[in-house]
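# Coordinate inspection notes
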There are 2 protein chains.
Amino acid sequence: MSIDVGARLRSVRTTFGLSQRELARRAGVTNGLISLIEQNRVSPSVSSLKKVLDGIPMPLAEFFTLDLNVAPQAFFGADELVELGNPEVSLRLVAAQRNGRQLTVLHERYAAGAATGEDMLAHRGEEAGVVIRGRIELTVGGATRVLGPGEAYYFASQLPHRFRNVGREACEIISACTPATF
Amino acid sequence: MSIDVGARLRSVRTTFGLSQRELARRAGVTNGLISLIEQNRVSPSVSSLKKVLDGIPMPLAEFFTLDLNVAPQAFFGADELVELGNPEVSLRLVAAQRNGRQLTVLHERYAAGAATGEDMLAHRGEEAGVVIRGRIELTVGGATRVLGPGEAYYFASQLPHRFRNVGREACEIISACTPATF
DNA sequence: TCATGGTGTTTAGGATCTTAGACAAGGAAG
DNA sequence: CTTCCTTGTCTAAGATCCTAAACACCATGA
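Here the structure is a predicted model, which means the values were calculated and not measured.

Here is what the cut-offs are and how they apply
Residues numbered from 1 in each chain as written. Chains lettered and ligands numbered in written order. Predicted model: local features only at pLDDT ≥ 70, side-chain atom pairs only at ≥ 80, totals over all residues. Heavy atoms only, no water. Contact = heavy atoms within 4.5 Å. Buried area = accessible area lost by both parts, 1.4 Å probe. Salt bridge = Lys/Arg side-chain N within 4 Å of Asp/Glu carboxyl O. Polar contact = N/O pair within 3.5 Å; in protein donor to acceptor, adjacent residues only side chain to side chain. Helix = DSSP H or I, 4+ residues; strand = E, 2+ residues; numbered from the N terminus. Least-squares fit on C-alpha atoms with pLDDT ≥ 70 in both. Near = heavy atom within 4 Å. Nonpolar A, V, L, I, M, F, W, Y, C, P; charged D, E, K, R; others polar. Buried < 20%, exposed > 50% of the residue type's maximum accessible area, 1.4 Å probe, protein only. Arc of directions from axis to C-beta. Phe/Tyr/Trp six-rings, centres within 6.5 Å; stacked < 30°, edge-to-face > 60°.

### Structural notes on the interface of chain B and chain A
- Between chain B and chain A, the residue contacts involve 14 residues of the former and 14 residues of the latter.
- On the chain B side of the interface with chain A, the three residues burying the most area are Ser43(B), Val46(B) and Phe64(B), jointly 43% of the side's total.
- Along the contact surface separating chain B from chain A lie zero salt bridges.
- Linking chain B with chain A are four residue pairs in polar contact (both at pLDDT 80 or more), by the criterion used here.
- At the level of secondary structure, the elements contributing two or more residues to the side of chain B that touches chain A comprise α4 (46-54) and α5 (60-65) of chain B.

So this is what it looks like as structure tokens:
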């Protein structure tokens, strides 16, 4: 069976929340090609595979390094969470490896006054979370609400959304999103 | 220009002292294909490239990880030499990375009575070295000689050769070979 | 000088990859 | 129910890869 490029590509693509057509557009190839590669109906040339991975983006070396059926790490110490964000909005990822994961959990922390940005976010997938400290203003679609400790949210990510800490203290949230687009 | 698979392959192949035909034979492809790939006249399919690398052998991930024009490490501490051999014949490599190196230097150590094997060795390339401790019996082609500290050797590796420590103490040699076949 | 055996390169043609476009299935909105 | 948009799949035709065989070159040796 020799390396199963197809499964690797499908895993990576879905992990990044891309459709075959969207990835094809970014990569400058056709969606049909991606379909064929993922079914192992063809063995792509290195140049094609590179074009496809550039659309992710992911280097060839990392692609071939991926271990698909790795025994997944089940427990993570506080210092094993990967820090992603900035001083204003800190995102600490639970399982940062770019494996075939569909679900990512984050420990988010918003400084007083911090927000996810000026514009609304919108992408594929779903998001949900629980506020554990402070107060956060969440706008989803046309609705806005301020959530406090113990309160929670869930929405489809294609709805325009935005988080903003309107309180005076930092706000912490434990959240999950799927697929792993962040 | 996008990754230059050709230069990588040529570098790896020559580093391992293989001709295009010999690698092709091991890989189950034609020598012409290897020539075309090395000239970047084609971008091989992943399956072909995998077959070729299996003939080295080298995994795909390592192949794409190779950094061709890496700023080379110039200095190596004693603990940075990679140990390769067995208790009888110890080989400590100076620059173990499988990069585009044509030359490899080793610190060899033969225990009393140890030898490179029952049979004579014969492969492409050249070898040379200097004995720094003990005494070693070296056979090259039809000639045999015992070398002591300060004495040295040089020969083409295609000549059948064999090292044997005929003394009572361990023998150490600093040697070089090119290409990096060992 | 000619033969032999090694190297890497080239080329025509068959095999495979890649594209463009059509197809079917599923949801969402009217 | 349509209509529209999304998804992934499939298929013929064109582009590219890959093979088999020949080629040119350089050694070594009779």
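### Looking at the relation of the copies chain B and chain A
- Aligned on chain A, chain B shows an RMSD of 0.2 Å; the corresponding rotation is 179 degrees and the shift along the axis is 0.2 Å. In symmetry terms, the pair is related by a two-fold rotation axis. No C-alpha of chain B approaches the rotation axis more nearly than that of Ser45(B), which lies at 1.7 Å.
- Both copies present the same face, since 100% of the interface residues in chain B are matched by interface residues at the equivalent positions in chain A.

### Considerations on the protein's contact with DNA strand D
- Close to DNA strand D lie 20 residues; Arg21(A), Gln39(A), Ser43(B), Ser45(B) and Ser48(B) are nearest.
- The contact atoms of DNA strand D, taken as those within 4 Å of the protein, divide so that sugar and phosphate hold 66%.
- Residue Thr30(B) places a side-chain N or O atom 3.2 Å away from a phosphate oxygen belonging to DNA strand D.
- The set of elements that each furnish at least two residues to the surface near DNA strand D consists of α1 (5-15), α2 (20-27) and α3 (31-38) of chain A.
- With three residues, the top contributor of residues to the surface near DNA strand D is α3(A).
- Among the residues forming the surface near DNA strand D, the class breakdown is four nonpolar, ten polar and six charged.

### Overview of the protein's contact with DNA strand C
- Neighbouring DNA strand C are 21 residues, the closest being Ser45(A), Ser48(A), Arg21(B), Gln39(B) and Arg41(B).
- The contact in question runs from a phosphate oxygen of DNA strand C to an N or O atom on the side chain of Thr30(A), over 3.2 Å.
- Residue Gln39(B) places a side-chain N or O atom 2.8 Å away from a phosphate oxygen belonging to DNA strand C.
- For the surface near DNA strand C, the secondary-structure elements that each account for two or more residues are α3 of chain A together with α1 (5-15), α2 (20-27) and α3 (31-38) of chain B.

### Thoughts on α2(B)
Residues and elements named next belong to chain B.
- Looking only at α2, the buried set comprises Leu23, Ala24 and Ala27. Buried positions in α2, seen along its axis, are confined to an arc of 100 degrees and lie on one side of it. Along α2, the residues that are exposed and aim more than 90 degrees away from the buried face are Arg21 and Arg25.
- In this structure, the buried residues of α2 make contact with α1, α3 and α4.

### Examining the pattern of salt bridges
All names here are of chain B.
- Evaluation of the coordinates by the stated rule reveals 18 salt bridges over all chains.
- Of the charged contacts, one joins Glu169 and Arg133 as a salt bridge, the two residues approaching to 3.4 Å between their closest N and O atoms. Note that Glu169 is positioned in the loop between β8 (161-164) and β9 (171-178) and Arg133 in strand β4 (residues 126-133), a separation of 36 residues in sequence.
- When its relative accessible area of 42% is taken as the criterion, Glu169 is described as partly exposed.

### So, the packing of aromatic side chains
- A complete count under the given rule lists five aromatic pairs over all chains for this structure.
- Taking the centre distance of 5.3 Å and the plane angle of 80 degrees together, the rings of Phe63(A) and Phe64(A) count as edge-to-face. Taken individually, Phe63(A) and Phe64(A) each receive the classification buried, so the pair is uniform in this respect.
- Three or more aromatic residues joined by ring pairs form one cluster here, namely Phe63(A), Phe64(A), Phe63(B) and Phe64(B).

Spatial relationships are all this shows, so hold off on functional conclusions.
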